[in-house]
Amino acid sequence: MIVLLHNDLDEATRKELLEKLQSWAIQRGVSICGFGTGWGDSVELLPADGATECDYAIEIRSFAGVRAVLTQDEPTYLVAPRSGSRTQVRFRSAAFGNNAVSAIAGPCSVENLDDLLALGADLVAAGATALRGGAYKPRTSPYAFQGLGKLGLEMLATVREQTGLAVVTEVMDTRDVELVSRYADALQIGSRNMMNYSLLREAGAVGVPVLLKRGMSATLGEFLLAAEYLAHAGCEDILLCERGLRHFDPDVRNLLDLSAVPALKERTHLPVLVDPSHGTGASSLVPSMMAAAAAAGADGFLVEVHPCPSRSVSDAGQALTPTEFATAMDTTRAVLDACGRKFNAAQAPTTSN
Ligand code: PEP
Ligand code: MN
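Scope of this entry: the structure provided in the associated data block. (Residues numbered from 1 in each chain as written. Chains lettered and ligands numbered in written order. Predicted model: local features only at pLDDT ≥ 70, side-chain atom pairs only at ≥ 80, totals over all residues. Heavy atoms only, no water.)

1. A short note on the coordination of the manganese ion (ligand 2)
- Note on the manganese ion (ligand 2): its protein donors are Cys108 (SG), His278 (NE2), Glu304 (OE) and Asp315 (OD). The metal-donor distances range over 2.1 to 2.4 Å.
- Along the chain, the residues that donate to the manganese ion (ligand 2) are spaced as C-x169-H-x25-E-x10-D. Linking His278 in helix α9 (residues 276-280) with Glu304 in strand β14 (residues 300-304), this pair joins segments that are 26 residues apart in sequence. (Donors = N, O, S within 2.8 Å, 3.2 Å for Na, K, Ca; no water. Helix = DSSP H or I, 4+ residues; strand = E, 2+ residues; numbered from the N terminus.)

Now the structure itself:
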């Protein structure tokens, strides 16, 4: 049984709480078998013979400064469902979860400002509320385009100023978390880094929403525990994104697991998004999978769109043209409508970050 303390306790309050826990444990014959995890504040307790963890959990949860109690009989992970309420994550006019649905769209990689500005206007017209685009790219080959770095971040910020679109962009390295978070409205952690626990801790603590993609061969349990790292580090605004799994058929890039949407929603209060672009790898399949994801209950979409897909420096085969994206949005809107849901509306541009 693990007692999680609030991250922001001052030293005196933390000491007081630990002393209270210690005397409480002695009175009940509970052993304390560990203090802290080396980076967060937690205490591990071993119940006395014959007692259940639940008996204690209720009591300990009422101690001031206790953030959560994780037990084996009644798992209460920070990301686990919260009696009937679903979290809504919002940044600028994008909102996800608890009846809000938004589309994040844009190129795989940020390439140049002119293309990105023109694309931004088309994305707004189609109903997207956030712009995606990688300035730091995880590429299989070290010789492939690696992204424009800080210059790419600046371009994203310029498009945000002019269009009002929120910016979602990937961070790959703990050393870049602070820089990327100064430009991004939400940090993206990619499939390859879902198990990069140092990155999860760092990104989770920086105070910006995080979009976490499912590892391409991660189980749902591993995905949720990766999200738990973010939550434990202090992040309350987490978006989970299904992006397809590694599989045996070379004809399809990834196998898009749409059953993950309702399955995850049973196991977490967090919004669940779907990326039909990486999920299929083929632009012709993206619109159908986007509509299917809407029917499965997705709280948002991450879609690759490029002004001229054949010119895209990365993932050219899966990018939609702006016109194809607008049509896919219309179909998806109709599916959402049939389910009693609708896209969040965009707001006018602002110049503040
Ligand atoms: C991306 O979104 O461009 C990307 C690299 O995705 P993934 O991490 O899912 O491969
Ligand atoms: Mn891509």
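2. A few points about the pairing of strand β1 (residues 2-5)
- Inspection of the sheet shows β1 paired to strand β4 (residues 66-70) by four bridges, in the antiparallel sense. Counterpart to Leu4 in the pairing with β4 is Ala68.
- Pairing of β1 with strand β3 (residues 42-46) involves three bridges; the strand directions are antiparallel. Considered in β3, the bridge of Ile2 is made with Glu44. (Pairing = 2+ DSSP bridges.)

3. Regarding the nonpolar core
- In terms of nonpolar packing, the biggest core is built from 72 residues, with Leu212 and Phe325 touching the most fellow members.
- With seven residues, helix α7 (residues 220-232) is the single largest residue contributor to this core.
- Residue contributions to this core reach at least three from each of two domains, namely domain 1 (2-70) and domain 2 (89-343).
- Not counting residues within four places of it along the chain, the set of residues in contact with Phe325 comprises Ala103, Ala105, Leu123, Ala126, Ala128, Met290, Val303, Val305 and Leu320.
- Formed by 19 residues, the second largest nonpolar core is a distinct cluster that contains Leu5, Leu17, Val43 and Ile60. (Core = buried A, V, L, I, M, F, W, Y, C linked by side-chain atoms within 4.5 Å. Buried < 20%, exposed > 50% of the residue type's maximum accessible area, 1.4 Å probe, protein only. Domains from an automatic or database assignment. Contact = heavy atoms within 4.5 Å.)

4. Notes on the packing of aromatic side chains
- On inspection of all chains with the given rule, the structure shows five aromatic pairs.
- Ring geometry for Trp24 versus Tyr56: centroids 5.2 Å apart, planes at 85°, classification edge-to-face. On the criterion of sequence distance, the pair formed by Trp24 in helix α1 (residues 11-28) and Tyr56 in helix α2 (residues 53-61) is long-range, its members being 32 residues apart. Comparing Trp24 with Tyr56 shows no difference in burial state: the two are buried. (Phe/Tyr/Trp six-rings, centres within 6.5 Å; stacked < 30°, edge-to-face > 60°.)

5. Some points on the packing of helix α6 (residues 197-205) against α7
- Two elements in contact, α6 and α7, have axes whose closest approach is 7 Å; the angle formed by their N-to-C orientations is 40°. If you check the angle between α6 and α7, you find them oblique. As for the relative orientation of α6 and α7, their crossing is right-handed in sense. For the pair formed by α6 and α7, the contact residues are Tyr197, Leu200, Arg201, Ala203 and Gly204 on the first element and Ala226, Tyr229 and Leu230 on the second.
- A class-by-class count of the residues in the contact of α6 with α7 yields six nonpolar, one polar and one charged. (Axes fitted to C-alpha atoms, helices over the stretch in contact; angles between N-to-C directions. Parallel < 35°, antiparallel > 145°, perpendicular 65-115°, else oblique. Left-handed = near helix turned anticlockwise from the far one by under 90°. Nonpolar A, V, L, I, M, F, W, Y, C, P; charged D, E, K, R; others polar.)

6. A word on α2
- Taken residue by residue, α2 has Glu53, Tyr56, Ala57 and Ile60 as its buried positions. Buried residues along α2 cover an arc of 110° about the axis, so they all sit on one side.
- Residues of α2 that are buried make contact with β1, α1, β3 and β4. (Arc of directions from axis to C-beta.)

7. Side note on the site of ligand 1
- Looking at ligand 1, there are 13 residues lining it, with Arg132, Ser191, Arg192, Lys213 and Arg243 nearest.
- In this structure, Gln188 approaches ligand 1 through a side-chain N or O atom, which is 2.9 Å from an oxygen atom.
- Taking Arg243, its side chain carries an N or O atom lying 2.7 Å from an oxygen atom of ligand 1.
- Here the shell around ligand 1 is built from residues that sort into two nonpolar, four polar and seven charged. (Near = heavy atom within 4 Å. Polar contact = N/O pair within 3.5 Å; in protein donor to acceptor, adjacent residues only side chain to side chain.)

8. Comments concerning the environment of Met289
- Among the secondary structure elements, Met289 is positioned in helix α10 (residues 286-296).
- On the basis of relative accessible area, Met289 is assigned to the partly exposed category, the value being 25%.
- Separated by 33 residues in the primary sequence, Met289 and Leu256 have C-alpha atoms spaced 8.3 Å apart.
- Each residue touching Met289, except ones within four places of it in the same chain, is listed here: Leu256, Leu258, Pro276 and Thr280.

9. A few points about α7
- Along its 13 residues, α7 runs 18 Å from first to last C-alpha, staying within 8% of the 18 Å computed at 1.5 Å per residue.
- Regarding α7, the residues found buried are Leu220, Phe223, Leu224, Ala226, Ala227, Glu228, Leu230, Ala231 and His232.
- The first or second residue beyond α7 is Gly234, which carries a positive phi of 120°. (Expected span 1.5 Å × (residues − 1).)

10. Things to note about unusual backbone geometry
- Positive phi outside glycine occurs at Asn98, with the angle close to 50°.
- Summarising the element assignment, Asn98 is placed in the loop between β6 (94-96) and β7 (100-106).
- Located in the positive-phi region is Asn99, a residue other than glycine, with phi close to 80°.
- Inspection of the secondary structure assignment puts Asn99 in the loop between β6 and β7.

11. A short note on the packing of α7 against helix α8 (residues 260-267)
- Look at α7 against α8: their axes get within 11 Å of each other, and the N-to-C directions meet at 55°. It follows from the interaxial angle that α7 and α8 lie oblique. Considering how the two elements wind past one another, α7 and α8 form a crossing that is right-handed. Touching Leu220, Gly221, Phe223 and Leu224 of α7 are Ala260, Ala263, Leu264 and Arg267, all from α8.

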